[in-house]
Amino acid sequence: MIASPGWRGARRTLASVALLMVAGAVHAGPSYDQDRKELESILDDIMAWFPGEWSSAPQIHYARTVYMPPEGEHEPWYRTFARIEAPQIGPYVLYGQINLGGRDGPLYRGSQVLYKVSIDEQRRVVLVRGQGPADPEKYINLQDHPELWKSVQMRDEAGIRCDFIWRRDGEQVVGVLDGPTEERRKGGPGTCSYVASNGKDFLADAEWTLTPETLWVYDTNLMGGVQFIGRKDRTHTRLYRARPYR
């Protein structure tokens, strides 16, 4: 079974779904009233499912043989995640990077990210805070160099403006953006916005959907209303498990 994107995909088909809904239905959607045990379970799944290597090659093959999206083929991402022992950052830390075309392909610029994972008791979510490493050139292929794990640092954790919050949705876990204040959420659910240092409005919109075998990634950033990250057709990049990471 292939997982489909979470609430964002559902939102796009809301009009048709509404015709089938019965007023007062008991099971109208997933429950997000998660207790500590459930939050720990989500954290465990994130730490167990992310590590490994992921490829978008099946999505590209599908585009070439079945249906080509409006903006053409997705980029040939080969994405690596590894859990690293980096107590200077936190007890639960992931490192990720993207290479183009394969594990030995060129590094996708700006794709090196350290992810600090924790439980947010107040919001009852799992919080993931991502930031690039300081001195990123020194930490290329960090997943292969455990001798460097205890020296790597986030570039500027205090400068992270948006939260990435994760909840369970059926057999998958879904991460969306959340602004830490109402002002930061003015772009709508799943977004984060603020005034950048250049005085322009910045808006980030993201949704990641993770299962043990698939990872759907949607990321879009706009500055002053002009999109500079993400696809114009707003489609997810679909990544499939390539091999586990040891």
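Refer to the structure printed above.
What you see is a predicted model, and the numbers here were worked out from it, not measured in a lab.

Enquirer: Whenever I open this one, helix α3 (residues 36–49) confuses me. Can you help?
Expert: Note: α-helices contain 3.6 residues per turn, so residues at a spacing of three or four share the same orientation. Here α3 spans 20 Å end to end across 14 residues, near enough to the 20 Å set by a 1.5 Å rise per residue. All of the buried residues along α3 are L39, I42, L43, D45, I46, M47 and W49.

Enquirer: Help me understand the layout of surface pockets, please; the structure alone is not making it clear to me.
Expert: Where empty space is left becomes clear once a probe the size of a water molecule has been rolled over the atoms. In this structure, the largest pocket spans a volume of roughly 1500 Å³. If you trace the largest pocket, you find 47 residues lining it, with G110, V113, D219, N221 and I229 closest to the centre. Residue assignment for the lining of the largest pocket shows that the elements contributing at least two residues are β2 (77–84), β4 (113–120), β5 (125–131), β6 (163–169), β9 (201–210), β10 (214–223) and β11 (226–229). Looking at the lining of the largest pocket, its residues break down into 22 nonpolar, 13 polar and 12 charged.

Enquirer: Would you explain empty space enclosed by the protein in this entry?
Expert: The full count for this structure, using the stated rule, is 1 cavity of 30 Å³ or more. Lining the largest cavity are I46, F50, F81, L94, Y115, V128, F164, W166 and W208. Considering only residue class, the lining of the largest cavity consists of 9 nonpolar, no polar and no charged.

Enquirer: It is not clear to me how a nonpolar patch on the surface should be interpreted in this structure. Could you clarify?
Expert: A contiguous nonpolar surface patch, about 340 Å² in accessible area, is contributed by Y62, V66 and Y67. Tracing the backbone through its elements, the reader meets Y62 in helix α4 (residues 57–65).

Enquirer: Help me understand the environment of R109, please; the structure alone is not making it clear to me.
Expert: Relative to the elements of secondary structure, R109 occurs in the loop between β3 (93–100) and β4. Accessibility expressed as a relative area gives 82% for R109, which makes it exposed. In sequence terms R109 and I98 are 11 residues apart; their C-alpha atoms lie 8.3 Å from each other.

Enquirer: Would you explain unusual backbone geometry in this entry?
Expert: If you check the backbone angles, R124 has positive phi at about 55° while not being a glycine. Position of R124 relative to the elements: it lies in the loop between β4 and β5. Taking relative accessible area as the criterion, R124 reaches 39% and is therefore assigned partly exposed. Phi at N141 takes a positive value of approximately 60°, unusual for a residue other than glycine. Counting through the fold element by element, N141 comes out in the loop between β5 and β6.

Enquirer: I would appreciate a short explanation of the pattern of salt bridges in the present structure.
Expert: Two side chains bearing opposite charge may form a pair once their charged atoms approach each other closely. One pass over the structure, following the stated rule, counts 13 salt bridges. For E38, the salt bridge is made with R168, and the minimal N-O distance between the two is 2.5 Å. Here the residue E38 occupies a position in helix α3, and R168 occupies one in strand β6, the gap between them amounting to 130 residues. Take E38: its relative accessible area is 24%, and that puts it in the partly exposed class. With a relative accessible area of 17%, R168 lands in the buried category. Here R64 and E73 are joined by a salt bridge, their closest N and O atoms 2.6 Å apart. Overlapping salt bridges bring together D120, R123, R129, D163 and D178 as one network.

Enquirer: Can you help me understand the packing of aromatic side chains in this one?
Expert: Given two aromatic rings, one states the distance between the centres and the angle between the planes to describe the pair. According to the stated counting rule, one finds 11 aromatic pairs in the structure shown. Their ring planes at 55° and their centres at 6.2 Å tell us that F50 and W208 sit as a pair that is tilted. Of this pair, F50 sits in the loop between α3 and β1 (52–55) while W208 sits in strand β9; the two residues are 158 residues apart in sequence, bridging distant segments of the chain. Residue F50 shares its accessibility class with W208, and that shared class is buried.

Enquirer: Looking at this model, I keep getting lost on the state of the cysteines. Mind explaining?
Expert: Where two cysteines share a covalent bond between their sulfur atoms, that bond is called a disulfide. Counted according to the given criterion, the structure contains 1 disulfide. Covalently, C162 is tied to C192 through a disulfide, its sulfur atoms 2.1 Å apart. Between C162 and C192, the disulfide has an S-S torsion of -85° and is therefore left-handed. Of the two residues, C162 is situated in the loop between β5 and β6 and C192 in strand β8 (residues 191–195); the sequence distance between them amounts to 30 residues.

Rules used throughout
- Residues numbered from 1 in each chain as written.
- Predicted model: local features only at pLDDT ≥ 70, side-chain atom pairs only at ≥ 80, totals over all residues.
- Heavy atoms only, no water.
- Helix = DSSP H or I, 4+ residues; strand = E, 2+ residues; numbered from the N terminus.
- Expected span 1.5 Å × (residues − 1).
- Buried < 20%, exposed > 50% of the residue type's maximum accessible area, 1.4 Å probe, protein only.
- 1 Å grid on protein atoms, 1.4 Å probe; cavity = no way out; pocket = protein on both sides within 12 Å on 5 of 7 lines; lining within 4 Å.
- Points joined across faces, edges and corners; volume = space filled by probe spheres on them.
- Nonpolar A, V, L, I, M, F, W, Y, C, P; charged D, E, K, R; others polar.
- Patch = residues over 30% accessible without salt bridge, like charges linked within 9 Å, V, L, I, M, F, W, Y side chains within 5 Å.
- Areas by Shrake-Rupley, 256 points an atom, 1.4 Å probe, with all protein chains shown as cover.
- Salt bridge = Lys/Arg side-chain N within 4 Å of Asp/Glu carboxyl O.
- Phe/Tyr/Trp six-rings, centres within 6.5 Å; stacked < 30°, edge-to-face > 60°.
- Disulfide = S-S within 2.5 Å.

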